[in-house]
Amino acid sequence: MSFLNPEDQKIFKFFEENNIAKFRLKQIHDWIFSKYVKTFDEMTNLGLDLREKLKKNFHLYSLKLKTIQESKDEQTKKYLFELKDGSLIESVLILSETRKTLCISSQVGCIVKCTFCASGKNGFFRNLEVFEILEQIVLVSNDIQDRLTNIVFMGMGEPLLNLDNVLSSIDIMSSDKGFNISKRKISISTVGIVEGIEKLKEKNYQINLCLSLHAPDDSIRRQIIPYAKKYKLEDILKSLQDYFLVTKRDIAFEYILIENVNDDIDHAKKLYELIKNFQCSINLIPYNPIPNLNYKRPSHQRILAFKSFLEKMNLNVTQRYTKGDDISAACGQLAIKQNF
Ligand code: SF4
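Bear in mind that the values here come from a model prediction, so they are computed numbers and not experimental data.

1. Considering the domain arrangement of the protein
The domains assigned to the protein are domain 1 (9–57) and domain 2 (64–327). Summarising the inter-unit geometry, the C-alpha centres of domain 1 and domain 2 are found 35 Å apart. Broken down by class, the residue content of the side of domain 1 that touches domain 2 amounts to three nonpolar, one polar and one charged.

Next up, the structure:
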């Protein structure tokens, strides 16, 4: 049982059976969702007896914070968590003047196995439970003693392959009984799981949807995203167009620039043709080097040429400023050797 589900019927039942007044549950949720406490002992407006009863019957959180690494510029922090079964996940906090964004994991490992990404290297272990997704938010908020403003599902795992749990966690993140973070401040990044995109469309979730595109055609894409063999780009893009028609949310495309793989001007031209009819933005991410991989980050001139071409074609282009690469917290660098 987890207190992170404000509607958990089993907890209601426990309170009823133990004659605990309902308003106590509201107080507990307030301590968790607004004050991010780590123990029942910190819930000082609950009587001692009740705190003891709760300690005896519940574990407040299942995740154990193992390490925190901070980048030199103090703008990025990487958190390593151990789950109950001994497996490990990471979350990354990215600070800017206006935002406190947490990049969270949705699975242990990843089946997609992008060849440029450290997370995919060790294979897939399991989906995260709803409470395991949410505890990343509470424990990081506890560390910074502040409210997070944005959540991105861009850590370890493919969120659309754990969609039911991801959507339930978003319901709690965005609920005023939960973290009260607007759905518009929550982003899901996917390699393009067509059934998942269709389900998101049906549910008309007002979140931000990002496609990890990374290549201007199926052939290059399948080399660097092996799982992409399951879906044609044409079908993925069609499902995104349908998603836009229903939700009216712009699509964000992400494109990791890797030297001599996908960073020529010809690639930029093909990319433009692919996405020119979308209401969208494109985020260019210069590749973050990973030990033992032969990929390289393109030179500054090549990145600039690629970006300038897309800008000339009037696309809305951003280049992600690489944060946290000194602690391997930048995109694609999350890598963990599991304990088992
Ligand atoms: S980039 Fe994302 S989808 Fe690809 S292997 Fe890494 S975690 Fe999985």
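2. Examining helix 9 (residues 265–275)
Where helix 9 is concerned, the buried positions are Ala 268, Leu 271 and Ile 275. Projected down its long axis, helix 9 carries its buried residues within an arc of 60°, all on one side. Facing away from the buried side of helix 9 by over 90 degrees, the exposed positions are Asp 266 and Glu 273.

3. Here's the deal with the sheet that holds strand 7 (residues 150–153)
One open sheet accounts for ten strands, arranged 1-2-3-4-7-8-9-10-11-12; its pairing is mixed. Whereas interior strands pair on both sides, the edge strands pair on one side only; in this sheet they are strand 1 (64–70) and strand 12 (316–319). Taking each pair of neighbouring strands and ignoring which way they run, the sheet shows an average axis angle of 20°. Examined bridge by bridge, strand 10 (residues 251–257) and strand 11 (residues 280–286) share seven bridges and lie parallel to one another. Note on strand 11: the bridge partner recorded for Phe 253 is Ile 282. Across the face of the sheet, helix 10 (residues 300–312) comes into contact with strand 10, strand 11 and strand 12 while running at roughly 175° to strand 11.

4. Observations concerning the packing of helix 6 (residues 194–203) against helix 8 (residues 233–247)
Put simply, helix 6 and helix 8 touch, their axes get as near as 9 Å, and they point 5° apart. Accordingly, the angle class assigned to the pair helix 6 and helix 8 is roughly parallel. Residues Val 194, Ile 197, Glu 198, Leu 200 and Lys 201 of helix 6 pack against Asp 235, Ile 236, Ser 239, Leu 240, Asp 242, Tyr 243, Val 246 and Thr 247 of helix 8. Grouping the amino acids of the contact of helix 6 with helix 8 by side-chain chemistry returns seven nonpolar, two polar and four charged.

5. Notes on the pairing of strand 11
Two faces belong to every sheet, and in a regular strand the side chains alternate between them. On the question of chirality, the crossover connecting strand 10 to the parallel strand 11 by way of helix 9 is right-handed. Where strand 11 lies against strand 12, four bridges are found, and the strand directions are parallel. Bridging from a neighbouring strand, Asn 283 pairs with Thr 318 of strand 12. This β-α-β element, strand 11 to helix 10 to strand 12, shows right-handed connectivity.

6. Some thoughts on helix 10
If you check helix 10, its first and last C-alpha atoms are 18 Å apart, about what 13 residues at 1.5 Å a residue would give, namely 18 Å. Positive phi shows up at Asn 314, right after helix 10, with a value of about 70°.

7. Looking at the packing of helix 4 (residues 130–144) against helix 5 (residues 163–174)
Between helix 4 and helix 5, the shortest axis-to-axis distance is 8 Å and the interhelical angle comes to 45°. With respect to helix 5, the element helix 4 is oriented oblique. The way helix 4 lies across helix 5 gives a crossing that is right-handed. Facing Val 130, Ile 133, Leu 134 and Ile 137 of helix 4, the residues of helix 5 in contact are Asn 165, Val 166, Ser 168, Ser 169, Ile 172 and Met 173. Taken together, the residues of the contact of helix 4 with helix 5 sort by class into seven nonpolar, three polar and no charged.

The rules behind each value
- Residues numbered from 1 in each chain as written.
- Predicted model: local features only at pLDDT ≥ 70, side-chain atom pairs only at ≥ 80, totals over all residues.
- Domains from an automatic or database assignment.
- Nonpolar A, V, L, I, M, F, W, Y, C, P; charged D, E, K, R; others polar.
- Buried ≥ 20, exposed ≤ 12 C-beta atoms within 10 Å, placed from the backbone.
- Helix = DSSP H or I, 4+ residues; strand = E, 2+ residues; numbered from the N terminus.
- Arc of directions from axis to C-beta.
- Pairing = 2+ DSSP bridges.
- Axes fitted to C-alpha atoms, helices over the stretch in contact; angles between N-to-C directions.
- Contact = placed C-beta atoms within 7 Å.
- Parallel < 35°, antiparallel > 145°, perpendicular 65-115°, else oblique.
- Right-handed = clockwise from strand over helix to strand, strands pointing away.
- Expected span 1.5 Å × (residues − 1).
- Left-handed = near helix turned anticlockwise from the far one by under 90°.

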